[in-house]
Amino acid sequence: MLAKPHLSPWQVGTICLGAFGIQFGFALPQANSTRIFQNLGASLDTVPLLWLAGPITGLIVQPLVGYYSDRTWTRFGRRRPYFLAGAALAACAMVAMPNAATLWVAMLMLWLLDASINLTMGPYRAVVADQMSSAQRPTGFLAYMFFASVGAVVGSLLPWMMTHLGVSSAAPPGAISDAVKYGFYLGAALLLCAVGWSAFKTHEYAPETLERFDAASPEPAARESPLDMQRHALVWLGLGGGGIGIASWTQARLAFYVLAILCLLYGAFLLAASRIRRENAFTSIVNDLESMSGSMRWLAIVQFCSWFGLFAIFVYTTPAVAKLHFGATQAGSPGYEAGANWVGVLFATYNGLGAVTALIIPWFVKRLGMRRSHQLNLWLGACGLLSMLLIRDPRWLLASMVGLGFAWGSIIALPYAMLANNLPSRKMGVNMGIFNIFIVIPQLLAATVLSWLLDVTAHGDPVGALAIAAAGWILAGLAVMRVREGAAG
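Residues numbered from 1 in each chain as written. Predicted model: local features only at pLDDT ≥ 70, side-chain atom pairs only at ≥ 80, totals over all residues. Heavy atoms only, no water.

Student: I keep staring at the overall build of the chain and nothing clicks. Help me out?
Tutor: Along the chain, the regular secondary structure elements total 19 helices and zero strands. Against the compact-globule benchmark of 23 Å for 489 residues, the chain has a radius of gyration of 22 Å, which places it among compact chains. In the chain, the proportion of contacts linking residues at least 24 apart, taken out of those at least 6 apart, comes to 81%. Accessible surface computed for the chain: about 20,800 Å², of which carbon and sulfur atoms make up 68%. Here the chain carries 30 positive and 20 negative side-chain charges, and the mean point of each set is 5 Å from the other. (Helix = DSSP H or I, 4+ residues; strand = E, 2+ residues; numbered from the N terminus. Rg over C-alpha atoms; globule rule 2.2 N^0.38 Å. Contact = heavy atoms within 4.5 Å. Areas by Shrake-Rupley, 256 points an atom, 1.4 Å probe, with all protein chains shown as cover. Lys, Arg positive; Asp, Glu negative; His and termini not counted. Charge placed at Lys NZ, Arg CZ, Asp CG, Glu CD.)

In structure tokens:
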């Protein structure tokens, strides 16, 4: 049987180096968008709404670009035209964003940047899967995670590095500091160089070659008939309508309305797709979403629980550490600011450790397989989170970050390797995009559901968010054992 050749470490690194550049498009805005918006006149209360660009563009762009890249073959390749175009647009947005003169221009550039990064990331992940055999995909996605983690650390520190190189960090009224501007310029250049290196040093397989590699792989489940989709649509519409009625009658929190509206929207999408007889991008994506294989459905649950836990960490670690380890609950107080600064150190630590785990997790995979390895890493992360509830000396929280580093490294790599091994190459792009939905949805829900969960389980104490995150990772570890590791070539 025709098999993909085994790649050398240099070849794997060449394919995955672009992740280093792509991560700048996430790390720089994450670290600096709030200050850019505030410098241009946004109030702190409205800043969270300005961050919707990432999840919304990811929800739309990645499935669409995956669908079209699956159907593309040019002299420039299959995925390469998409992620090169995305990298060029992202670099332009990174240069323009810190030079925005008004808030609405800065918002527009953030939307363009997030859309461009999603345009780049979806096809780029598909390239990693396309180029490697099932045996090498765990190593490939761990290499991807290694470069992404290094990119996250360097990208977050760029403005700080510019300041220490003598660039002014002072921001005039209504403007952005030179340190931030030059950090964004350097980030744009590194993004283009890293993605360009991977693009021009990697030869993509033609679609017919990939089909020969996939000859022995099982096909995903057949698409459901329009009648089945209509029935599902009615179920989701019923759940959404009933949920809104119950929420209104019981005067429930906004979280329940959000859940109900999501059910209504999905039901409406199913109903619309079932009535369109001609196949197009919309109907194909909805059909593929409805007809996911059993393994992909379980992986979707794994990602949902994993990322719900991650967003709980992102949102609540600062107030939790400030309260539990620095005795401060008032934002802006010296104790709170000290806690927030220490959380920055903790986050940089687990990102750095995530890169180191790329050298260790392959040893786990070789001996335990991907499912057991991912379960072990998630549960190490859960132990790290729970240990934070017991530790009182904040310096010892660095030890807790070891568990989080293993979980983070595994979440970024192993689910994608397992997914790729359960998909034929001809549908790799669209299913990678659909898989991203189960990262976006928990992000959209977290802003509303988490506060309600904290009230129910911990009387609003932010420290309870760490336990909620740990519970999410424990559930994800249980769900991953239902996944078939796959044997696609």
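Student: Where do I start with the packing of aromatic side chains in this structure?
Tutor: Each aromatic ring pair is summarised here by two numbers: the centre-to-centre distance and the angle between the ring planes. This model, assessed by the stated rule, comprises 17 aromatic pairs. Each ring, one from F141 and one from Y416, has its centre 6.0 Å from the other, and the planes form 25°; the classification is stacked. With F141 in helix α8 (residues 137-164) and Y416 in helix α17 (residues 397-420), this residue pair connects regions lying 275 residues apart in the sequence. The pair F141 / Y416 is uniform in exposure class, with both members buried. For the ring pair F146 and F147, a centre distance of 5.4 Å and an interplane angle of 75° mean the geometry is edge-to-face. With a relative accessible area of 17%, F147 lands in the buried category. (Phe/Tyr/Trp six-rings, centres within 6.5 Å; stacked < 30°, edge-to-face > 60°. Buried < 20%, exposed > 50% of the residue type's maximum accessible area, 1.4 Å probe, protein only.)

Student: Would you explain the pattern of salt bridges in this entry?
Tutor: When the charged atoms of two side chains lie near each other, side chains of opposite charge can form a pair. This structure, assessed with the given rule, holds six salt bridges. For the salt bridge of D130 with R79, the shortest nitrogen-to-oxygen distance reads 3.0 Å. With a gap of 51 residues between them, D130 in helix α7 (residues 103-131) and R79 in the loop between α5 (53-70) and α6 (80-96) connect regions that are remote in the sequence. Each member of the pair, D130 as well as R79, is classed as buried. One salt bridge in this structure joins D393 and R395, with 2.9 Å as the shortest N-O distance. (Salt bridge = Lys/Arg side-chain N within 4 Å of Asp/Glu carboxyl O.)

Student: Sorry if this is basic, but what is going on with the packing of α6 against helix α9 (residues 178-201) here?
Tutor: In a pair of packed helices, the angle between the axes and the distance between the axes together describe the arrangement. Between α6 and α9, whose axes approach to 8 Å, the crossing angle comes to 170°. Judged on the interaxial angle alone, α9 and α6 are roughly antiparallel. Between α6 and α9, the contacting residues are R80, F83, L84, A87, A88, A90, A91, M94 and V95 on the first element and F184, Y185, G187, A188, L191, L192, V195, G196, A199 and F200 on the second. Taken together, the residues of the contact of α6 with α9 sort by class into 16 nonpolar, two polar and one charged. (Axes fitted to C-alpha atoms, helices over the stretch in contact; angles between N-to-C directions. Parallel < 35°, antiparallel > 145°, perpendicular 65-115°, else oblique. Nonpolar A, V, L, I, M, F, W, Y, C, P; charged D, E, K, R; others polar.)

Student: Please clarify how the side chain of S400 should be interpreted in this entry.
Tutor: Residue position: S400 is located in helix α17. Among the residues examined, S400 registers a relative accessible area of 3% and is labelled buried. Dropping the residues within four chain positions of it, S400 is found in contact with G384, S387, M388 and I391.

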